[in-house]
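# Structural overview for review
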Amino acid sequence: MGEGLTSKEISEQFFSSVNTVETHRKNILLKTVEKTTTGAVKYAIESGLFGD
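Residues numbered from 1 in each chain as written. Predicted model: local features only at pLDDT ≥ 70, side-chain atom pairs only at ≥ 80, totals over all residues. Heavy atoms only, no water.

### Quick notes on the overall build of the chain
Tallying secondary structure elements over the chain gives three helices and zero strands in all. Listed by position from the N terminus, the elements making up the chain come as α-α-α. Considered along the principal axes of its C-alpha atoms, the chain spans approximately 30 × 25 × 15 Å. The buried share of the chain, reckoned over its 52 residues, is 21%. (Helix = DSSP H or I, 4+ residues; strand = E, 2+ residues; numbered from the N terminus. Buried < 20%, exposed > 50% of the residue type's maximum accessible area, 1.4 Å probe, protein only.)

### Quick word on the UniProt feature "domain: HTH luxR-type" (unreviewed entry) in the chain
Under the local residue numbering, the UniProt record ascribes the feature "domain: HTH luxR-type" (unreviewed entry) to residues 1-48. Taken as a whole, residues 1-48 contains 67% helix and 0% strand, while its terminal C-alpha atoms sit 15 Å from one another. (UniProt positions renumbered as here; feature names shortened; annotations may be inferred.)

### Notes on the environment of F15
Positionally, F15 belongs in the loop between α1 (7-13) and α2 (18-32). Each C-alpha atom, one on F15 and one on K35, is 26 Å from the other, the two residues being 20 residues apart in sequence.

### What about the side chain of R25?
Of note, R25 is situated in helix α2. For the buried R25, no salt bridge is present, and the opposite-charge side chain at shortest range is E22, 4.3 Å distant. Leaving out residues up to four positions away in the same chain, R25 has contacts with M1, L5, T6, S7, I10 and T37. (Lys, Arg positive; Asp, Glu negative; His and termini not counted. Salt bridge = Lys/Arg side-chain N within 4 Å of Asp/Glu carboxyl O. Contact = heavy atoms within 4.5 Å.)

Next up, the structure:
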């Protein structure tokens, strides 16, 4: 997500279905209490969860 990849691109990299990626994406948004992917990535960066 932090690299701007689509769910399809992520699913291809991890050899999983697009639905699995979408479920993980939704769960991340719920856990970070964010409404958008951008908000979740910003949260991760500010929290130190997204490294260099």
